[in-house]
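Reading the structure
Each chain, written out:
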Amino acid sequence: MRHQKYSIERKTMGKPIFLHQAVNFMLADMAMRYELAKLAVWRSCADYDEGRRNTYYASIGKLYGAIAANKNASDAVQVFGGNGFNKDYPVEKLMRDAKIF
């Protein structure tokens, strides 16, 4: 993902920002939210494939996916720092698009 690549390239205090513990925790939380949202959607798909009603997990996947998209976009802007608000970087557009969900 772009934020992970950027965290390797960007340096503060003489080292890449991904080596800072707070940034590492943020990146781990972002990955966890993404995987959990994906898992809920896959569970809904599995229920559908088995012929079972899937609205419960579909609703969870949709709600949690929207929450995760907003929080991950916000965290990505923080990883990018001041460049997160710059239109030259794609994270600025992702932040605006996440609000649609």
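One can find the structure itself at the top, above this paragraph.
Below is a short write-up of the structure.

Criteria and cut-off values
- By convention here, each chain's residues receive numbers from 1 onward along its written sequence.
- Where local features are concerned, this predicted model is filtered to residues with pLDDT of at least 70; where side-chain atom pairs are given and counted, the filter is 80 or more; whole-chain, interface and lining totals use all residues.
- As a convention, hydrogens and water are excluded, and side-chain values are obtained from all of the structure's heavy atoms.
- Here an axis means a line fitted to C-alpha atoms, over the contact stretch when the element is a helix, while the angle between two N-to-C directions is reported on a 0 to 180 degree scale.
- Each helix is a run of H or I in the DSSP string that is no shorter than four residues. Each strand is a run of E no shorter than two, and both are numbered from the N terminus.
- Here is the rule for angles: anything less than 35 degrees is roughly parallel, anything more than 145 is roughly antiparallel, 65 through 115 is roughly perpendicular, and the remaining ranges are oblique.
- For a crossing to be left-handed, the near helix must be turned anticlockwise from the far one by less than a right angle; the clockwise case is right-handed.
- We call two residues contacting when some pair of their heavy atoms lies within 4.5 Å.
- Aromatic pairs are defined between Phe, Tyr and Trp rings, using the six-membered ring for Trp, whenever the two ring centres lie within 6.5 Å; interplanar angles under 30 degrees are classed as stacked, those over 60 as edge-to-face, and all others as tilted.
- Buried, partly exposed and exposed residues are distinguished by accessible area as a fraction of the type maximum, computed with a 1.4 Å probe on protein chains only: under 20%, between the cut-offs, and over 50%, respectively.

1. Some thoughts on the packing of helix H3 (residues 55-80) against helix H4 (residues 90-98)
- With their axes 9 Å apart at the nearest point, H3 and H4 run at an angle of 155° to one another. The pairing of H3 with H4 is recorded here as roughly antiparallel in orientation. The crossing of H3 and H4 is left-handed. Every residue of H4 that contacts H3 at Ala 69, Asn 70, Ala 73, Ser 74, Ala 76, Val 77 and Phe 80 is listed here: Val 91, Leu 94, Met 95 and Ala 98.

2. Some points on the packing of aromatic side chains
- The tally for this structure, following the rule as stated, stands at 1 aromatic pair.
- Judged by centre distance (5.0 Å) and plane angle (85°), the ring pair of Tyr 56 and Tyr 57 falls under edge-to-face.
- Classification of Tyr 56 as exposed rests on a relative accessible area of 56%.

What is shown is where atoms sit, not what they do.
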